[in-house]
Every structure is written in structure tokens, then in C-alpha cells.
Amino acid sequence: MVFLTLSCWIRNRGPDRYWKVQELLKHARHFRGRKNRCYKLAVKAVRRAFVYATKARKQKKHNMRALWITRIAAASREHGMKYPALMHNMIKTGVQLNRRVLSDIAITEPRSFLSLAKLAQARREEGFRVALTDGSEPPGVFSRVVCQQ
Amino acid sequence: MSSFSRSAQQWATFARSWFLIDASLQPPGKIATMCSVRLQGKHKPIYHALSDCGDHVVVMNTRHVAFSGNKWEQKVYSSHTGYPSGFKQVTAAQLHLKDPKAIMKLAVYGMLPRNLHRRTMMQRLHLFPDDVIPEDILANLTEELPQPRKVPKRLNEYTQEEIDAFPMLWTPPEDYKMK
């Protein structure tokens, strides 16, 4: 036998278990029940939480886009247009604002959004306007055609 | 609006409005979509599911709601009491006679999102079978929404001048006997 005296039986199994445990428990402090205190339960809960967080990074992008679309649809319906018509006519006119910026404009700058909605409406009715009237530019809309003339 | 303080601006932005809809001679589904959009707050650009931005909606004349087609006889509302042999099926006409608000209530309930906010939103929906509305609700109303369906005029609602001014579609021959 190697350990013949009492002092040799003492093993130092790692000096920093406390801090390793605390490092994990700090991610579980806001959980409910014993999972926020007990290491064995917290290990499973924290691992699941991290997995959910990883998957949610993609879902967040989807959710945010859906929220922007809902907000833009609400704002455009306030001005008498529907969301698909608005977006299609904005693309046709060459306005390349994305949905995030459009929803911010709809909330913080309502008059700018109104002008964009009117632009989209003018582009939408362009076919009818050319057919029914003499085909002049609609009032209040600048276009490349006007400038080149 | 730019001269308001931040808190006053926020208070005004998130204030709850009261909408009035007249459901007489309107399809209940179309009324219900308008109600559900406003109860959720999806008509506002500041919408968020957690912000509690829904408004109140008052629907009057639910007794005079009008289904299209043969739905009064064909549409069936089913329920189960939970006890054995408790499956009940009622046609829309029978249900309407029993409770004139039930059709609108079930229509809006089915169009709201299936989460815990649904009950709160239903509490913000106020249904009245006729156009008699209590005064405290009348005092809160802010806006009336236009009806989704254009109500056609009955023949006896046209004045004689309008009937005479309507162009003749065909001229009957002299020996034709009109009933």
C-alpha cells in the first residue's frame, strides 16, 4: 500500500468545484422551482434553455419580419391600401425600403408613410390613368421622366 | 402633436378607443372580422401581441344580422354538455331565436387567436340585439365604422318619381295585358 499515513489519504479533488457550479447556476437563477438551486436539476434545465436559445435565433428573425408585416399592413389600411398592393407597387416604383424600415417609418413618421402610400397608389392606378385621362403626370409625384424632359 | 410631453404622447398613442358597428342586414362573418381586427389591435401600426393594444367594439342590431345563402337552415352550431348523450346540434335559425347575440359572439370568438388574451378581448366586445345602448357605453364611443355590405333598397322604399324616372327596358305591344 502506498498511503500508509493518515495525511497521505487526503486527496485534493480539484480546488474550484464551487466556482464551476456557480458558473452554471448563474444561468439558472431566474428559473422556477428547484432548478434554480440544485445542480443536478439545473444542469438539465440550463442545457435545454441553451438549446432553445440557439433555435430561437432563427425564429426571432421570422417573428420580427411577421411583426413588421403586420404593422405595415395596419398602417397601409389606415391609408386605404392593402399590404400586398403597397409592397408590389413600391417594388415597381423602385423604392427599395425593407420591411423593418417601413414599419419604423409607419410608427415614427406617419406623414412620410402617407406619402409612400400615395406613391404606391399612384403607380397602381397608372394604367387606368393613362387609359382614361390624357396621360399627364399625377400631381405631387416626381419621376425620372419629368426630370429628363 | 410634437409639443406634447413624452408621457402625454405615449398615453394618447396607447389609449383605448371605442368603435361602433351597426350589424343590421350585414353578414355576421364580415362584421366579426372587423371586430376581431380591432379587438386585437391589428389596425394600429404600434401593434404587438403583448402590448394590450386592443380596442373596445360595440355591435348593435345583432338581432337583424343577415346570413347569405341558406345558412339560416344549413349552418349548425354544435356543443356537448359533458354528460352522456349530451351532444346538441342547433341550426343557426334556432340559435338566433334562443339568443340573438349568440351568432355574433361565436363568430368573433372563433376569429380571435386561441390564447389567454381571447377571453379579455371578448370582454371588450359589447353586443346589443337592438339599437338600444346604455348611456355609459354611448358616452365612450369614439368612431362608427362603415358597414361592409351595401344594403339594397326594397321596392317599396323607392319613391314613385324614381320608379317613373327608371328607363323602360322594353315597350310592350298595344294589346299586351299587364297583370
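Visitor: Mind showing me how you'd approach the overall build of chain A here?
Guide: Each helix and strand in chain A was counted, giving eight helices and zero strands. Secondary structure elements in chain A, listed N-terminal to C-terminal, are α-α-α-α-α-α-α-α. For a compact globule of 149 residues, the expected C-alpha radius of gyration is about 15 Å, and chain A comes in at 31 Å, more than 25% above that figure. Referenced to the eigenvectors of the C-alpha coordinate spread, the extents of chain A come out at roughly 110 × 35 × 20 Å. For chain A, with 149 residues in total, the buried portion stands at 23%. Contacts spanning at least 24 positions in sequence make up 38% of the contacts within chain A whose residues lie at least 6 apart. Of the roughly 12,100 Å² that chain A leaves accessible, carbon and sulfur atoms contribute 57%. Both charge centroids of chain A, one from 32 positive and one from 9 negative side chains, sit 22 Å from each other.

Visitor: How should the pairing of strand β4 (residues 87-91) of chain B be read in this particular structure?
Guide: Residues and elements named next belong to chain B. Pairing between strand β3 (residues 76-80) and β4: five bridges, direction antiparallel. Across the sheet, residue Ser78 finds its bridge partner in β4, namely Gln89. Two successive antiparallel strands, β3 and β4, enclose a turn made up of six residues, where Gly82 displays a positive phi of approximately 95°.

Visitor: Looking at this structure, how should I read the interface of chain A and chain B?
Guide: Accessible area lost upon the coming together of the parts is a frequently used measure of interface size. Taken together, the eight residues of chain A in the interface contact seven residues of chain B. Of the roughly 650 Å² buried where chain A meets chain B, counting both sides, 65% is carbon and sulfur surface. Per-residue buried area on chain A facing chain B is highest for A:Thr70, A:Arg71 and A:Ala74; these three make up 53% of the total on that side. The tally of links from chain A across to chain B stands at zero salt bridges. Across the contact surface, chain A and chain B share two residue pairs in polar contact (both at pLDDT 80 or more). Elements supplying a minimum of two residues to the side of chain A that touches chain B: α3 (39-78) and α5 (99-108) of chain A. A per-element tally of the side of chain A that touches chain B places α3(A) first, with six residues. Classifying every residue of the side of chain A that touches chain B gives five nonpolar, one polar and two charged.

Visitor: Is there a simple way to think about the packing of aromatic side chains in this case?
Guide: Think of a pair of aromatic rings as described by two things: how far the centres are apart, and how the planes are tilted against each other in angle. Residue and element names in this part refer to chain B. On inspection of all chains with the given rule, the structure shows four aromatic pairs over all chains. Seen in terms of ring centroids, Trp170 and Tyr176 are 5.4 Å apart; in terms of plane orientation they differ by 90°. Their pairing is edge-to-face. Sitting over the face of the ring of Tyr109, Arg118 holds its NZ or CZ atom 3.9 Å from the ring centroid.

Visitor: Would you explain a nonpolar patch on the surface in this entry?
Guide: On the surface, A:Met1, A:Val2, A:Phe3, A:Leu4, A:Leu6 and A:Trp9 cluster together into a nonpolar patch covering about 810 Å² of accessible area. Position of A:Phe3 relative to the elements: it lies in the segment before α1 (6-9).

Visitor: Please explain the pattern of salt bridges as it appears in this structure.
Guide: A side chain with one charge can pair with a side chain of the opposite charge if their charged atoms come near. Residues and elements named next belong to chain B. Counting across every chain of the model gives eight salt bridges over all chains. Close ionic contact of Asp52 with Arg16 constitutes a salt bridge, the shortest N to O distance being 3.3 Å. One end of the pair, Asp52, is in the loop between α2 (28-40) and β2 (56-60); the other, Arg16, is in the loop between α1 (6-13) and β1 (18-22), and 36 residues separate them in sequence. Taken together, the shared-partner salt bridges in this structure form one network comprising Arg16, Asp52 and Arg124.

Visitor: For this particular structure, what's the right way to read the sheet that holds β2(B)?
Guide: Two pairing modes exist for strands in a sheet, parallel and antiparallel, and in both the strands are linked by backbone hydrogen bonds. All names here are of chain B. Strands sit in the order β5-β2-β1-β6 across an open sheet of four strands; the sheet is parallel. Edge positions in the sheet fall to β5 (125-127) and β6 (143-144), since each has one partner strand and no second. As defined by bridge partners, β1 adjoins β6 across two bridges and the pair is classed as parallel. If you follow Phe19 over to β6, its bridge partner there is Glu143.

Visitor: Looking at this structure, I do not really get the nonpolar core. What am I missing?
Guide: Generally speaking, soluble globular proteins have nonpolar side chains that are buried together. Membership of the largest hydrophobic core comes to 20 residues, with the highest contact counts inside it found for B:Cys35, B:Val59, B:Val108 and B:Leu125. Those elements giving two or more residues to this core turn out to be β1, α2, β2, α5 (102-111), α6 (117-123) and β5 of chain B. The element that contributes the greatest number of residues to this core is α2(B), accounting for five residues. In this view, B:Leu125 contacts B:Cys35, B:Leu39, B:Val57, B:Val59 and B:Val108; residues no more than four positions away in its chain are not counted. Counting 16 residues, the second-largest nonpolar core is a separate cluster that includes A:Met81, A:Leu86, A:Met90 and A:Leu116.

Visitor: How should I be thinking about the confidence of the model for chain A in this particular structure?
Guide: Close inspection of predicted coordinates is inappropriate for parts of the model with low pLDDT. When pLDDT is averaged along chain A, the result is 91, and 95% of the positions lie at 70 or above. Mean pLDDT across the elements of chain A bottoms out in helix α8 (residues 144-148) of chain A (57) and peaks in α3(A) (98).

Visitor: What's the story with the confidence of the model for chain B in this structure? I'm lost.
Guide: Here chain B shows a mean pLDDT of 95. Residues at 70 or above account for 99%. Of the two predicted TM-score estimates for the complex, the pTM is 0.88 and the ipTM is 0.89.

Quick notes on the rules
Residues numbered from 1 in each chain as written. Chains lettered and ligands numbered in written order. Predicted model: local features only at pLDDT ≥ 70, side-chain atom pairs only at ≥ 80, totals over all residues. Heavy atoms only, no water. Helix = DSSP H or I, 4+ residues; strand = E, 2+ residues; numbered from the N terminus. Rg over C-alpha atoms; globule rule 2.2 N^0.38 Å. Buried < 20%, exposed > 50% of the residue type's maximum accessible area, 1.4 Å probe, protein only. Contact = heavy atoms within 4.5 Å. Areas by Shrake-Rupley, 256 points an atom, 1.4 Å probe, with all protein chains shown as cover. Lys, Arg positive; Asp, Glu negative; His and termini not counted. Charge placed at Lys NZ, Arg CZ, Asp CG, Glu CD. Pairing = 2+ DSSP bridges. Buried area = accessible area lost by both parts, 1.4 Å probe. Salt bridge = Lys/Arg side-chain N within 4 Å of Asp/Glu carboxyl O. Polar contact = N/O pair within 3.5 Å; in protein donor to acceptor, adjacent residues only side chain to side chain. Nonpolar A, V, L, I, M, F, W, Y, C, P; charged D, E, K, R; others polar. Phe/Tyr/Trp six-rings, centres within 6.5 Å; stacked < 30°, edge-to-face > 60°. Lys NZ or Arg CZ within 6 Å of the ring centre and 35° of its normal. Patch = residues over 30% accessible without salt bridge, like charges linked within 9 Å, V, L, I, M, F, W, Y side chains within 5 Å. Core = buried A, V, L, I, M, F, W, Y, C linked by side-chain atoms within 4.5 Å. pLDDT = per-residue confidence, 0-100.

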